Amino acid sequence: MEAVRKASWHENVDFIEPREATPDEVELVHDPKYVDAIRRLCEAGGEFLPTMECSVGPESYPAALRAAGAGLTLADAILRPPPTPPCNSRGGKRWSIGFAPTRPPGHHAVHDRPMGFCMFNNIAILARYLLTRHNLTRIGILDFDVHHGNGTEAAFWRDPRVLFCSLHRDNFYPYNRGRRADRGEGDGEGFTLNVPLPAGSGDDDYLKAIDRYAIPAFEDFDPQMVLVSAGFDTHWNDPLGGMRVTGAGYASIAERVLKIASGSAEGRIITLLEGGYSLSGLAEGVTSYLGRLLEG
Ligand SMILES: [Zn+2]
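Reference entry: report on the structure contained in this document. All residue numbers here refer to positions counted from 1 along the written sequence of the relevant chain. In view of the model being predicted, local features appear only for residues whose pLDDT reaches at least 70, and side-chain atom pairs are presented and counted only at 80 or more, with totals across whole chains, interfaces and linings using the full set of residues. With hydrogens and water excluded, all non-hydrogen atoms of the structure serve as input to the side-chain values.

1. Structural notes on the nonpolar core
Inside soluble globular proteins, nonpolar side chains tend to come together where they are buried.
Here's step 1: The set of buried Ala, Val, Leu, Ile, Met, Phe, Trp, Tyr and Cys residues whose side-chain atoms join them within 4.5 Å is what this entry labels a nonpolar core. Think of it in three bands: residues with accessible area under 20% of the maximum for their type are buried, residues over 50% are exposed, and the middle band is partly exposed, with areas taken using a 1.4 Å probe on protein chains only. If you look at the biggest cluster of nonpolar residues, it comprises 43 residues, and the most contacted ones within it are F144, L167, F232, V257 and Y289.
Here's step 2: At the level of secondary structure, the elements contributing two or more residues to this core comprise strand 3 (162-169), strand 4 (192-197), helix 7 (203-221), strand 5 (225-230), helix 8 (247-260), strand 6 (269-273) and helix 9 (279-295).
Here's step 3: A run of H or I in DSSP counts as a helix once it spans at least four residues, and a run of E counts as a strand once it spans at least two, with each numbered from the N terminus. When residues in this core are grouped by element, the largest group, 8 residues, is from helix 7.
Here's step 4: Ranked by size, the runner-up nonpolar core spans 42 residues in total, among them L28, V29, V35 and F120.

What follows is the structure, encoded as structure tokens:
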């Protein structure tokens, strides 16, 4: 947030407070018993969860609800009905780009258990919310976190309304997921696109993979809204990721995201933060990516 406030474009940005997601909204993706178990566990003082690589405490449950609610807040802001009369813009400011610096992140969390540092799958909840509450029918999700977005993939494995594309480090956490051959099943076959990349991949490798695989798939699909799971653990100085993406690389990724959103999405893009474990890398990544998105 410090880096965002120092960025040249920050005065053109509106900061809005996220609301908490309701348990019903979280249950668009998660088992009600799991949601309640997480609440009780946190309220009881928390502990280290067996399938989660970190501990939780009393504040973790409201923090997770707010992280899930941040995307919903942005969705409502971007998709609210146009002001009337349409030509009078007073009080009718329109947004098309939203970013939520969510913590905890979400893309590993599955239906009935936490994983990684994730409790609730923020981006999957947002996609289901767009499908059910805003009646969209085609959502595109690009996940460029260094880790495979297994929870998001699982949520939409059989769902042709969501095209999920993940670029991630090959043979890395959460191991044996995100193989090229994993393409969805049933009606959802062909709507999951996994692009594993070798350790040490940098800007050119990412941009080539996006141009070769992601852009044609998203162009065919023509999403009405583009969601991005943005993990900056691909930054060259991240202590966990082992990749070599630079600030310039994230800006170029943002250009591709704008291109993906240039059809039916009419430029509507919501980006949620996933990983990123070097504070300086995270700051450079977020400001480079967001700065280019806002330039349009
Ligand atoms: Zn990650």
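2. Side note on helix 3 (residues 32-43)
Here's step 1: In this scheme, a helix's expected span is set at 1.5 Å multiplied by one less than its residue total. Relative to the 16 Å expected for 12 residues at 1.5 Å per residue, helix 3 spans 17 Å between its end C-alpha atoms, a close match to the ideal helical length.
Here's step 2: Here helix 3 has its buried residues at Y34, V35, I38 and C42. Buried residues of helix 3 fall within an arc of 100° about the axis and therefore sit on the same side. Residues of helix 3 that are exposed and point over 90 degrees away from its buried face: K33 and E43. Picture the helix axis, draw a direction to every C-beta atom, and the arc is the one those directions span.

3. A closer look at helix 7
Here's step 1: Over its 19 residues, helix 7 extends 25 Å from the first C-alpha to the last, a length consistent with the 27 Å expected when each residue adds 1.5 Å.
Here's step 2: Most pronounced at I210, the bend in helix 7 amounts to some 40°.
Here's step 3: Of the positions making up helix 7, those classed as buried are D203, Y206, L207, A209, I210, A214, I215, F218 and F221.
Here's step 4: By definition in these notes, contact holds between two residues if any of their heavy atoms fall within 4.5 Å. Packing partners of the buried residues in helix 7 comprise strand 2 (139-143), strand 3, strand 4 and helix 8.
Here's step 5: Positive phi shows up at D222, right after helix 7, with a value of about 55°. Fitting axes to the seven residues ending at a residue and to the seven starting there, one defines the bend at that residue as the angle between these axes.

4. Examining the coordination of the zinc ion
Here's step 1: Metal coordination here is assigned from N, O and S atoms located within 2.8 Å of the ion, or within 3.2 Å for Na, K and Ca; omission of water means that sites may look incomplete. For the zinc ion, the protein coordination sphere consists of D145 (OD), D145 (OD), H147 (ND1) and D233 (OD), at 2.0 to 2.7 Å.
Here's step 2: Along the chain, the residues donating to the zinc ion fall in the pattern D-x1-H-x85-D. Both residues of the pair, D145 and H147, count as buried.

5. Here's the deal with the pairing of strand 3
Here's step 1: Counting buried positions along strand 3 yields 8 of 8 residues, so the element is predominantly enclosed.
Here's step 2: Neither face of strand 3 is exposed, since V162, F164, S166 and H168 on one face and L163, C165, L167 and R169 on the opposite face are all buried.
Here's step 3: With 5 bridges joining them, strand 2 and strand 3 adopt parallel strand pairing. Note that in strand 3 the partner of D143 across the bridge is S166.
Here's step 4: Throughout, right-handed denotes a crossover for which the path from the first strand over the helix to the second runs clockwise when the strands point away from the viewer. For the crossover from strand 2 across helix 6 (residues 150-155) to strand 3, the handedness is right-handed.
Here's step 5: Inspection of the sheet shows strand 3 paired to strand 4 by 6 bridges, in the parallel sense. When DSSP finds two or more bridges between two strands, those strands count as paired.

6. Overview of the pattern of salt bridges
Here's step 1: Throughout this description, the term salt bridge denotes a Lys or Arg side-chain nitrogen within 4 Å of a carboxyl oxygen of Asp or Glu. Taken as a whole, this structure holds 18 salt bridges when the rule is applied.
Here's step 2: Where D36 meets R39, a salt bridge forms, and the shortest distance between an N and an O atom there is 2.7 Å. You can see D36 and its partner R39 sitting in helix 3, 3 residues apart, about one turn around the helix.
Here's step 3: By relative accessible area, D36 is classed as partly exposed at 30%.
Here's step 4: The closest approach of N and O atoms between R268 and E266, which form a salt bridge, is 3.3 Å.

7. Section: unusual backbone geometry
Here's step 1: Residue P104 is reached from R103 by a cis peptide bond, and omega for that bond is 0°.
Here's step 2: In this fold, P104 is placed in the loop between strand 1 (97-100) and helix 5 (122-132).
Here's step 3: Omega for the bond connecting Y173 with P174 falls within 30 degrees of zero, at 0°, which places this linkage in the cis form.
Here's step 4: Mapped onto the elements, P174 comes out in the loop between strand 3 and strand 4.
Here's step 5: One non-glycine residue, N135, adopts positive backbone phi at about 60°.
Here's step 6: Assignment of secondary structure puts N135 in the loop between helix 5 and strand 2.
Here's step 7: Looking at N135, the relative accessible area reads 60%, which means it is exposed.
Here's step 8: Even without being glycine, D222 reaches a positive phi, approximately 55°.

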